[in-house]
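Structural overview for review
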Amino acid sequence: MIPGIGVGICVDGRVLYEKVKGTGNTGTDKKLTDRAMFPMASISKVFSATAAMQLVEEKLITLDDSILKHLPGLRPCDTGYGDVSLQQILSHTSGIPDLRDYDWLHPQYDDGAAIRYLEEVSTVPLFAVPGEEYQYSNRAYNIIASLVQYLTHTVFEQRVQEKIFSPLGMNDATFLYNDIDHERR
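Definitions and limits used
- Residues numbered from 1 in each chain as written.
- Predicted model: local features only at pLDDT ≥ 70, side-chain atom pairs only at ≥ 80, totals over all residues.
- Heavy atoms only, no water.
- Helix = DSSP H or I, 4+ residues; strand = E, 2+ residues; numbered from the N terminus.
- Buried < 20%, exposed > 50% of the residue type's maximum accessible area, 1.4 Å probe, protein only.
- Contact = heavy atoms within 4.5 Å.
- Areas by Shrake-Rupley, 256 points an atom, 1.4 Å probe, with all protein chains shown as cover.
- Salt bridge = Lys/Arg side-chain N within 4 Å of Asp/Glu carboxyl O.
- 1 Å grid on protein atoms, 1.4 Å probe; cavity = no way out; pocket = protein on both sides within 12 Å on 5 of 7 lines; lining within 4 Å.
- Points joined across faces, edges and corners; volume = space filled by probe spheres on them.
- Nonpolar A, V, L, I, M, F, W, Y, C, P; charged D, E, K, R; others polar.

Topic: the overall build of the protein chain
Of regular secondary structure, the protein chain possesses 6 helices and 2 strands. Along the protein chain, from the amino end to the carboxyl end, the secondary structure elements read β-β-α-α-α-α-α-α. In terms of its C-alpha atoms, the protein chain occupies a principal-axis envelope of roughly 50 × 35 × 30 Å. Across the 185 residues that make up the protein chain, the buried fraction comes to 41%. Contacts in the protein chain between residues at least 24 apart in sequence constitute 61% of all its contacts with a sequence separation of at least 6. Of the roughly 11,300 Å² that the protein chain leaves accessible, carbon and sulfur atoms contribute 53%.

Right under this line is the structure:
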């Protein structure tokens, strides 16, 4: 059985084409269905960026603010972090290197995860002066979750659910793997 794929084409709010093919798990013969849920992976950056821009709209942060101004829990080993702005994170020019190990099998979803993440980031030196070089950085984007938590006093996943997924009618979307029905994973 081939690995599964889901395709949907929408124009002006109308679904023109949708099809699923293959298996939902290459270790089984169980066919993929149109109710299956896929990991968001880097598509999550769209929602992270939207959450960040909502903070800007609410005047909780500006695009040019130093992230250190809003993250008292971040005590970096590299003084260059003081020059990292939200705009640089969003445009992948922060100088914060990408992750090497995503630890996909051990996600952390508890309320303290964002704080622990900042502790880990604080040990990582910048690879470049903020704003001078482009490098795709999941690590930098993950800082947005901490910004959301510090500025709204709401855990990132809950905030995205309340301010993005629910208003858009994305009733099945979630960042939390354990919230997904086992049969749909």
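The structure having been displayed, the exposition proceeds.
Quick notes on the pattern of salt bridges
Working definition: two side chains of opposite charge can pair if their charged atoms are close together. For the coordinates displayed, the defined rule picks out 4 salt bridges. Taking the shortest distance from any N to any O, the salt bridge between Arg 159 and Glu 58 comes out at 2.6 Å. Of this pair, Arg 159 sits in helix α6 (residues 156-165) while Glu 58 is found in the loop between α1 (44-57) and α2 (67-70), placing the two residues 101 residues apart along the sequence. Classification of Arg 159 by relative accessible area gives buried; the value is 7%. For the salt bridge of Glu 120 with Arg 139, the shortest nitrogen-to-oxygen distance reads 3.3 Å. Separated by 19 residues along the polypeptide, Glu 120 in helix α4 (residues 113-121) and Arg 139 in helix α5 (residues 138-152) bring together distant segments of the chain. For Arg 139, a relative accessible area of 8% translates into the label buried.

Quick look at the layout of surface pockets
One number sums up the size of the second largest pocket: a volume of about 280 Å³. In this structure, the second largest pocket is lined by Gly 6, Val 7, Gly 8, Cys 10, Val 15, Glu 18, Lys 19, Val 20, Thr 33, Asp 34, Ala 36 and Phe 38. Those elements giving two or more residues to the lining of the second largest pocket turn out to be β1 (5-11) and β2 (14-21). When grouped by side-chain class, the residues that make up the lining of the second largest pocket number 6 nonpolar, 3 polar and 3 charged.

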